[in-house]
Structures are given as C-alpha cells and as structure tokens.
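Reading the structure
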Amino acid sequence: MKIALIGYGKMGKEIEKIAISRGHEIVAKIDPVATGEDFDDGNFEKADAAIEFTIPKVAYSNYQKCFEYNKPVVSGTTGWLDKLPEIKEACEKNGQTFFYASNFSVGVNILFELNRHLAKIMNNREEYGVEMTEVHHTQKLDAPSGTAISLADDLLENIDRKKEWKLDKGEQDSDLVIKAVREGDVPGIHTVKYESDVDEITIHHSAKSRKGFALGAVLAAEFAAKNKGFLGMRDMLKF
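Described below are features of the structure shown in this document. All figures in this text were calculated on a predicted structure; none of them were measured in a lab.

Turning next to helix 5 (residues 146–158). With 13 residues, helix 5 extends 19 Å between its outermost C-alpha atoms, agreeing within 8% with the 18 Å of an ideal straight helix rising 1.5 Å per residue. All of the buried residues along helix 5 are Gly146, Thr147, Ala148, Leu151, Ala152, Asp154, Leu155 and Asn158. If you follow the buried residues of helix 5, they end up packed against helix 4 (106–122), strand 6 (129–136), strand 7 (164–167), strand 8 (175–182) and strand 9 (189–195).

Structure (structure tokens):
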C-alpha cells in the first residue's frame, strides 16, 4: 500500500523503515520543517492511508486536512483529545476513517487489558491504594502521557473509590495520582501499583525502543485502509 507520513521526526523515520520492510511505499513526507513538503504538492493524494505523529497544537488541523482528501488517518499524537468529539462526528456523519490509539505498542495494549481486569478484581480490596507512574523522554510535550491517561480512565471506570486523576499530587483519597517523569531518551515506561500494609502488586511495561510503536502504527494503517469509521487497537487486535 501507499502511505503518507505526517511528521518526519524520530517516529516518522522509524515508521518509514518498518513500512518499507513490510513492502509498503512511502509516497509523501508531510513536514514543513524536516522535508518542506506539504499536503498540496501532489504526493499526498496518492496515499491509501496517512500516519500522523506530530505535536498537539497541529494534530487536529492535520486530521482535518486528511479528511478533505478522504484519506484514512492513523493518529499517534496525544494531547489534543478535547477535539475527539469532532473527529468521531466526522467518522459517523461524513464517512471518514480515523484510527486512534494512545499507544500503538502491542505490548502496551496487552497491559491495557491486564489493567482493566486487575482493576475489577481490586475494586473491593479497599486495603490497597493505587497510583501510577509514567516516564518519557524530555522531548515529550504533554504530561501525563496519553497512555497514562488511558490506563487512568480504565482505573476510574472500574475502581469505585477513585473519582478523578491528578498529576503528581492528590488532594484527597478519591484522587488517582499519576506521577510524570521526563528524563533522557526514554521511549516509555508505565507502571500501575497497588500497595497495602503487607504487600504490593505491580503491572509494568517498559519499551526498549520506538520500534514497537512504529510497527503498531503500520499495522493500524493496514487495518484502517480496509475498514471504515472510528477505529482503535481493540478493533484490530480482537481482544
């Protein structure tokens, strides 16, 4: 298939390698800073699907541009979710295709499933406190990470004693604390910890490189090119 990359930074280059290794062709690299290429130079319209990894402040306008060309788009950018209702409406009412994941790693999505299941078990175990930690590279602009928010949302849905998440410090017992750390070139570490007076239960995922995220994004593009609507990793992985 023919893929357009929107954003040609570290992730864009890693996605390019994976896509080519799977027999795909990169027909456009939309990045005004890195490549000087934009949507309207004739290459983007050749794409079967687009993969977008940029920054929060430009992500939504990039999605809108993809929709103007009626191209399925895979979103790997976080920090823009206030616009999610508009994206879902474009899919439901205008026939667009949008694949969103806070994290494209297959391993992280297994973590999501474990997190949901464990939270249901721990709902009635009030002797355990629960908190989260996420660690990322210093170039990551949003905190907490989209992955951490996804984990937190599932905890809040399944643990009645927790009502909302708070970054770094809670104000009351019903707050779910997410500690966000930015250091070095860490691809991503996410930990959910339950602790009582007598023991501790932890689920943890640590990415070794960006390769797992890149592979997941290419798999998502393959899936989005053949399906319609608002899509996610659970649709693709069939958990």
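Our next topic: the packing of aromatic side chains. Taken as a whole and assessed by the stated rule, the structure comprises 11 aromatic pairs. Ring geometry for Phe44 and Tyr69: centres 5.2 Å apart, planes at 80°, overall edge-to-face. Linking Phe44 in the loop between strand 2 (25–30) and strand 3 (49–52) with Tyr69 in the loop between helix 2 (56–68) and strand 4 (73–75), this pair joins segments that are 25 residues apart in sequence. On the basis of relative accessibility, which here comes to 0%, the residue Phe44 falls in the buried class. On the basis of an interplanar angle of 90° and a centroid distance of 5.6 Å, the ring pair of Trp80 and Tyr100 is categorised as edge-to-face. Note that Trp80 is positioned in the loop between strand 4 and helix 3 (84–94) and Tyr100 in strand 5 (residues 97–100), a separation of 20 residues in sequence. Taken individually, Trp80 and Tyr100 each receive the classification buried, so the pair is uniform in this respect. Grouped by ring-pair contacts, the aromatic residues Tyr63, Phe67, Trp80, Phe98, Tyr100 and Phe230 constitute a single cluster. The residue whose ring lies beneath Lys83 is Tyr60, and the NZ or CZ to ring-centre distance is 5.3 Å.

With that out of the way, let us pick up helix 1 (residues 10–21). Taking 1.5 Å per residue, 12 residues should reach 16 Å; helix 1 reaches 17 Å between its end C-alpha atoms and fits that length. Burial in helix 1 covers these residues: Met11, Gly12, Glu14, Ile15, Glu16, Ile18 and Ala19. Those residues of helix 1 that are buried are in contact with strand 1 (2–6), strand 2, strand 3 and helix 6 (211–224). Immediately downstream of helix 1, the backbone of Gly23 shows phi near 90°, a positive value.

All right, on to the layout of surface pockets then. Where empty space is left can be seen by rolling a probe of water-molecule size over the atoms. Taken as a whole, the largest pocket holds about 880 Å³ of empty space. Lining the largest pocket are 38 residues, with Met11, Phe53, Thr54, Gly76 and His137 sitting closest to its centre. Secondary structure elements with two or more residues in the lining of the largest pocket: helix 1, helix 2 and helix 5. A total of three residues in the lining of the largest pocket trace back to one element, the largest contributor, which is helix 1. When grouped by side-chain class, the residues that make up the lining of the largest pocket number 16 nonpolar, 17 polar and five charged. Of the residues that make up the lining of the largest pocket, three or more belong to each of domain 1 (2–104 + 211–237) and domain 2 (106–206). For the second largest pocket, the calculated volume is near 530 Å³. Lining the second largest pocket are 21 residues, with Tyr100, Ala101, Ser102, Arg116 and Ser150 sitting closest to its centre.

Here the structure, examined in full by the defined rule, presents 20 salt bridges. One salt bridge in this structure joins Lys193 and Glu195, with 3.6 Å as the shortest N-O distance. Taking the relative accessible area as the measure of exposure, Glu195 reaches 40% and is therefore partly exposed. Each of Glu113, Arg116, Asp154 and Arg234 takes part in a single network of salt bridges with overlapping partners.

Thresholds, definitions, all that
- Residues numbered from 1 in each chain as written.
- Predicted model: local features only at pLDDT ≥ 70, side-chain atom pairs only at ≥ 80, totals over all residues.
- Heavy atoms only, no water.
- Helix = DSSP H or I, 4+ residues; strand = E, 2+ residues; numbered from the N terminus.
- Expected span 1.5 Å × (residues − 1).
- Buried < 20%, exposed > 50% of the residue type's maximum accessible area, 1.4 Å probe, protein only.
- Contact = heavy atoms within 4.5 Å.
- Phe/Tyr/Trp six-rings, centres within 6.5 Å; stacked < 30°, edge-to-face > 60°.
- Lys NZ or Arg CZ within 6 Å of the ring centre and 35° of its normal.
- 1 Å grid on protein atoms, 1.4 Å probe; cavity = no way out; pocket = protein on both sides within 12 Å on 5 of 7 lines; lining within 4 Å.
- Points joined across faces, edges and corners; volume = space filled by probe spheres on them.
- Nonpolar A, V, L, I, M, F, W, Y, C, P; charged D, E, K, R; others polar.
- Domains from an automatic or database assignment.
- Salt bridge = Lys/Arg side-chain N within 4 Å of Asp/Glu carboxyl O.

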